[in-house]
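Residues per chain, in single letters:
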Amino acid sequence: QVQLVESGGGLVQVGGSLRLSCAASGRTFSEYAMAWFRQAPGKEREFVAGISGSGGSTNYGDSVKGRFTISRDNARKKVYLQMNSLKPEDTAVYYCAGRLFRIITTPQYDYWGQGTQVTVSS
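Residues numbered from 1 in each chain as written. Predicted model: local features only at pLDDT ≥ 70, side-chain atom pairs only at ≥ 80, totals over all residues. Heavy atoms only, no water.

This part is about the pattern of salt bridges. Taken as a whole, this structure holds 5 salt bridges when the rule is applied. One salt bridge connects Arg-38 with Asp-90, and the closest N-O pair in it is separated by 2.8 Å. With Arg-38 in strand S4 (residues 32-39) and Asp-90 in the loop between strand S8 (78-83) and strand S9 (92-100), this pair connects stretches of sequence that are 52 residues apart. The exposure class of Arg-38 is buried, given its relative accessible area of 5%. Residue Asp-90 is classed as buried on the basis of its relative accessible area of 0%. Connected via shared salt-bridge partners are Arg-38, Glu-46, Arg-67 and Asp-90. (Salt bridge = Lys/Arg side-chain N within 4 Å of Asp/Glu carboxyl O. Helix = DSSP H or I, 4+ residues; strand = E, 2+ residues; numbered from the N terminus. Buried < 20%, exposed > 50% of the residue type's maximum accessible area, 1.4 Å probe, protein only.)

Structure representation (structure tokens):
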């Protein structure tokens, strides 16, 4: 069983930055691919970024490439999402998710956090 708790969301102006964190419980964190998804009101849940268990492989959604960076610290059982050059369309609830082994870009992840709100104001 893995529990995920996100933090770091908030209100930021256009062009600003935020860093989201996700703290995980469980003994085998390094075996889990981790990802960030987001969901805006009335829209489907969207893949933002994913990272392999070792941290050696990453994947990004087209809308955030070059602006967001995913990373992880297996010793601390944490995964991060550094978000730069934020735009109003980045406004959403951001979720941390985990699954064994392989990164996938669809929401078929086994474990989810409760979400953290990110609002980008113009």
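This part takes up the sheet that holds strand S3 (residues 18-24). The strand order S1-S3-S8-S7 describes an open sheet built from 4 strands, whose pairing is antiparallel. The strands lining the two open edges of the sheet, one partner per strand, are strand S1 (4-7) and strand S7 (68-73). Each adjacent strand pair in this sheet contributes to an overall mean axis angle of 15°, direction not counted. (Pairing = 2+ DSSP bridges. Axes fitted to C-alpha atoms, helices over the stretch in contact; angles between N-to-C directions.)

We now examine the nonpolar core. Judged by nonpolar contacts, the single largest core of 28 residues is most densely connected at Met-34, Trp-36, Leu-81, Met-83 and Tyr-94. By residue number, the principal contributor to this core is S3, which donates 4 residues. Beyond its immediate sequence surroundings of up to four residues, Leu-81 is in contact with Leu-18, Arg-19, Leu-20, Trp-36, Val-48, Ala-49, Phe-68, Thr-69, Ile-70 and Tyr-94. Counting residues in hydrophobic clusters, the runner-up holds 8 residues, among them Ala-35, Ile-103, Ile-104 and Tyr-109. (Core = buried A, V, L, I, M, F, W, Y, C linked by side-chain atoms within 4.5 Å. Contact = heavy atoms within 4.5 Å.)

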